[in-house]
Amino acid sequence: MAEIHLQNITKIFDKKARAVDDVDLTVTDQEFMVLLGPSGCGKTTLMRMIAGLEYPDSGRVRIGGRDVTDLPPRKRDIAMVFQSYAVFPHLTVFENIAFGLRMKRVAKPEVARRVEAAAELVQLSPYLARYSAQLSGGQRQRVAVARAIVMEPAVLLMDEPLSNLDALLRLNFRAELKRLVAELKTTTIYVTHDQVEAMSLGDRVAVMREGRIVQIGTPMEVYDRPATQFVGSFIGSPPMNFLRGRIGGANGHSSVHLGDQEFTVPLSIGRTDGDILIGIRAENIEAESTPVAGAIAARTEVVEPLGSHLLLTAVVGDQRLKIQARTDFPAQPDGPVWLRPRLSNDPRLPSLLLTSSATSASTQRANDPRRLNRSRPRLYPHQWSRLDSAGAIWLRRTWTSAVPPKTTASGTSPPR
Ligand SMILES: Nc1ncnc2c1ncn2[C@@H]1O[C@H](COP(=O)(O)OP(=O)(O)OP(=O)(O)O)[C@@H](O)[C@H]1O
Ligand SMILES: [Mg+2]
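Below you will find a few notes about this structure. (Residues numbered from 1 in each chain as written. Chains lettered and ligands numbered in written order. Predicted model: local features only at pLDDT ≥ 70, side-chain atom pairs only at ≥ 80, totals over all residues.)

### Examining unusual backbone geometry
Cis geometry marks the peptide bond from S237 to P238, where omega comes out at 0°. Summarising the element assignment, P238 is placed in the loop between α8 (229-234) and β11 (241-250). Non-glycine residue D14 carries a positive phi angle of around 50°. C-beta crowding within 10 Å serves as the criterion here: with 6 such atoms nearby, D14 is assigned to the exposed category. At K185, a residue that is not glycine, the phi angle is positive and equals roughly 60°. Structurally, K185 can be placed in the loop between α5 (167-184) and β8 (187-192). Given 12 C-beta atoms within 10 Å, K185 falls into the exposed group. (Helix = DSSP H or I, 4+ residues; strand = E, 2+ residues; numbered from the N terminus. Buried ≥ 20, exposed ≤ 12 C-beta atoms within 10 Å, placed from the backbone.)

Structure (structure tokens):
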């Protein structure tokens, strides 16, 4: 069992491309940490440096208090499961799982004991004598996991281990993996670009973008209090709605203007006027079919019945947003709809974020994950953080009291 500590890790390929850019990360003993980010953001490169398969251009890697930066992989007490699970087809399941132990010349009875125990954990006991070519994809994936855990490593590194499975297998195996890792209590880093997988598995999630970690927090923290617009857009389906607005104050009240409409928030928010960005998730918006006091008038553009709920796309002024409505909501394409925020009781997990922010169209584009490119982001996380702590408010159900911004007190690490 071991804590992993990464300090100022940078990896530059071809003298210019910063695949990993000054990453600091601490994974505590027995923690399950998920690295989440879009393709090309540096997840695999970071894992390879922890494993010792890649040497960092700067920074140090410590595992269990020991500086392992200059040690080869075999001396780091880690096991890694790759996306391509590389199970040997000409070996039986037993021999595949035993492979690493045989290389280490572990005594035969000990090999048998450990292989059987690992196979039991991943529910492969009935298949030990089969050749791996005779297994399903999910079973082969479990062989790869068993082959890693049989080594009883201090650290388990998994790089997209489920990506070769179909959706249903993936769903089932995800739950199995969660149970397994809880039993093993090994410090684990798990890479994925699937935000649902990240939320479901991780004790904490580190969200990466363009070689940097932009937020670290529990799944609910990164979902409810994204440190940047990028995180809010990347995590959750549909992405968090971000609306440009203005806030103005007079007579002890603040009015939030959305286009030519406004609603009043009786709050002191530390600043009385200016541009704001409103972040709200589809499930935190109440849709009404008739005008209601305090609700904003909008037009329904698209109605998508998704079984458990309706997903509405609505337009307010020139801005679009997604709303989750009950299946019996009388939504009509191109019909009127009235919207108001459904506010959270828990101030740590607010349902509505108002952040004083750069609201220019170019900033919005720069933070849109669909438009990711290799150029530097124009709104850097630390800028957002500064804006966030200066002007963010979290509204409670009553609309009457503001909770002071707590960038660090929530347990969310401040974005770097
Ligand atoms: N050996 C290499 N030589 C040059 N560039 C590399 C090398 N390996 C990775 N890169 C570049 O570094 C960046 C990060 O790559 P990496 O494989 O770490 O991304 P990733 O987050 O794992 O992406 P994916 O989700 O697609 O696996 C990419 O731009 C990639 O092209
Ligand atoms: Mg990768």
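### Concerning the site of ligand 1
Around ligand 1, 13 residues are found, and the nearest of them are F13, A19, S39, T44 and T45. Mapped onto the shell around ligand 1, the elements with two or more residues apiece are β2 (17-27) and α1 (43-51). Here the shell around ligand 1 gets three residues from one element, more than from any other, and that element is α1. (Near = placed C-beta within 6 Å.)

### Things to note about the packing of helix α2 (residues 93-103) against helix α4 (residues 137-149)
Between α2 and α4, whose axes approach to 7 Å, the crossing angle comes to 35°. For the crossing formed where α2 meets α4, the hand is right-handed. The segment α2 lies against α4, with V93, N96, I97, F99 and G100 engaging V143, A146 and R147. Classifying every residue of the contact of α2 with α4 by side-chain character gives five nonpolar, two polar and one charged. (Axes fitted to C-alpha atoms, helices over the stretch in contact; angles between N-to-C directions. Left-handed = near helix turned anticlockwise from the far one by under 90°. Contact = placed C-beta atoms within 7 Å. Nonpolar A, V, L, I, M, F, W, Y, C, P; charged D, E, K, R; others polar.)

### Let's talk about the pairing of β2
Here strand β1 (residues 4-13) pairs with β2 via seven bridges, running antiparallel. If you follow L6 over to β2, its bridge partner there is L25. Linking β1 to β2, which pair antiparallel, is a turn of three residues; within it D14 sits at a positive phi near 50°. (Pairing = 2+ DSSP bridges.)

### Some thoughts on α1
Burial within α1 is extensive, with nine of its nine residues counted as buried. The set of residues buried in α1 consists of K43, T44, T45, L46, M47, R48, M49, I50 and A51. Immediately beyond the C-terminal end of α1, within one or two residues, lies G52, with a positive phi of roughly 90°.

### What to know about the sheet that holds strand β15 (residues 285-288)
Spatially, the five strands line up as an open sheet ordered β15-β19-β16-β17-β18, and their pairing is antiparallel. Each edge of the sheet is formed by a strand with only one pairing partner; in this case those strands are β15 and β18 (319-325). Taken over all neighbouring pairs, the strand axes of this sheet differ in orientation by 45° on average, direction set aside. As defined by bridge partners, β15 adjoins strand β19 (residues 336-341) across four bridges and the pair is classed as antiparallel. Across the sheet, I285 pairs through a bridge with P341, a residue of β19.

### Quick notes on the pairing of strand β17 (residues 310-316)
Both strand β16 (residues 296-305) and β17 contribute to a ladder of six bridges, which runs antiparallel. By the bridge assignment for β17, P305 is matched with L310. Turn length for the β16-β17 hairpin, with the two strands adjacent in sequence and antiparallel, is four residues, and the turn residue G307 shows positive phi of about 90°. Relative to β18, β17 is paired through seven bridges, and the arrangement is antiparallel. Across the sheet, L311 pairs through a bridge with Q324, a residue of β18. Between β17 and β18, which follow one another and run antiparallel, lie two residues, and G317 among them has a positive phi close to 60°.

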